[in-house]
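Residues per chain are reported as follows:
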Amino acid sequence: MTHLTAFNISVDFPLYHAESRSLKKTLIGHASSRFARDQRSRPVVQALRNISFSLRSGDRLGLIGSNGSGKTTLLRALSGIYQPTVGSLSMEGRLTSLLDPGQGMNPDLTGRENIRLRGQYLGLARPEIDRLEADVEDFSELAQFLDLPVRNYSSGMVVRLAFAMATAFPPEILLMDEWILAGDAAFMEKAKDRVEGMVRHAEVLVLASHSASILVEWCNRLLWLDGGQIRADGPPMKILADYLPPQQYEELVAAHGETGSSRRLPRKD
Ligand SMILES: Nc1ncnc2c1ncn2[C@@H]1O[C@H](COP(=O)(O)OP(=O)(O)OP(=O)(O)O)[C@@H](O)[C@H]1O
């Protein structure tokens, strides 16, 4: 049974050059905030503090919070890029993360070689790898660029390739950062349909976004992060009522209704 559980996760980042004068001033100025010292007295930034939650099949968790509140750090900890300083994770299910466009790609290989390598990594048989290649080729619209090394791509082309590869097989646990929701308008229109299809099939979704309407449409639970800690956890509209300025909240209610359910993706039951 697919699940993803975080047990009291904290993530600290060590601060290098912490002896410089300007950094000392910063540390003193933020004495009560997120700067602290670890067990060996080295200065650290407390990026996440005591995060706990449990997600099961059908749960779609949105992460909201101001810049620097810890959304990206939490996604990276869930995907295994960062090791929690304390706490632990438990998960069951095939995980796909759409966190950084170039993640998991070899820039010296061509797009096509990267696709086939991904297929091998996923343990696919040759005919499935052929299908993956055809699907990504068609969806990414990269045409002859697929035969050039990825390091020759524009950043938008890397997004196209990464997106097409990551969404070719619906995962059981999907972690997404909002870079995927921005970019070339025509491609994103197409991408949105594909993401929606994927989100419908994903057992568990965790999505960080600053867009209230995306969160209301895609998620059935929100975690509001503030200074690396959970400030609130609950149904999307309830959390957004406190999080958004009143006028923005009223506009959201006008567009999505009081419960926000008018356009929400159905649960996969
Ligand atoms: N590699 C790092 N080294 C040191 N500090 C970091 C590192 N990554 C993040 N931080 C710090 O951790 C905190 C949380 O950052 P994070 O990027 O997770 O926030 P966020 O909510 O994703 O912000 P945004 O909405 O701007 O993307 C911030 O104080 C940030 O400065």
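Here we summarise the structure given alongside this text. Note that the coordinates shown come from a computational prediction; the quantities given were computed from them, not determined experimentally.

### Observations concerning the sheet that holds strand β1 (residues 3-14)
Sheets are built from strands paired through backbone hydrogen bonds, the pairs being either parallel or antiparallel. Strand order in the open sheet formed by 4 strands is β2-β3-β1-β5, with antiparallel pairing between adjacent strands. At either end of the open sheet lies a strand with only one pairing partner, and these are β2 (35-37) and β5 (86-92). The mean inter-strand angle of the sheet, taken between neighbouring strand axes irrespective of direction, is 40°. Looking at chain direction, β1 and strand β3 (residues 43-56) are connected through 9 bridges and run antiparallel. Across the sheet, residue aspartate 12 finds its bridge partner in β3, namely glutamine 46.

### A few points about the layout of surface pockets
Of the voids in this model, the largest pocket is the one considered here, and its volume is about 590 Å³. In terms of lining, the largest pocket is formed by 22 residues, of which the most central are Leu95, Thr96, Ser97, Arg118 and Tyr121. Residue composition of the lining of the largest pocket, by class: 13 nonpolar, 6 polar and 3 charged.

So, how was this worked out
Residues numbered from 1 in each chain as written. Predicted model: local features only at pLDDT ≥ 70, side-chain atom pairs only at ≥ 80, totals over all residues. Heavy atoms only, no water. Pairing = 2+ DSSP bridges. Helix = DSSP H or I, 4+ residues; strand = E, 2+ residues; numbered from the N terminus. Axes fitted to C-alpha atoms, helices over the stretch in contact; angles between N-to-C directions. 1 Å grid on protein atoms, 1.4 Å probe; cavity = no way out; pocket = protein on both sides within 12 Å on 5 of 7 lines; lining within 4 Å. Points joined across faces, edges and corners; volume = space filled by probe spheres on them. Nonpolar A, V, L, I, M, F, W, Y, C, P; charged D, E, K, R; others polar.

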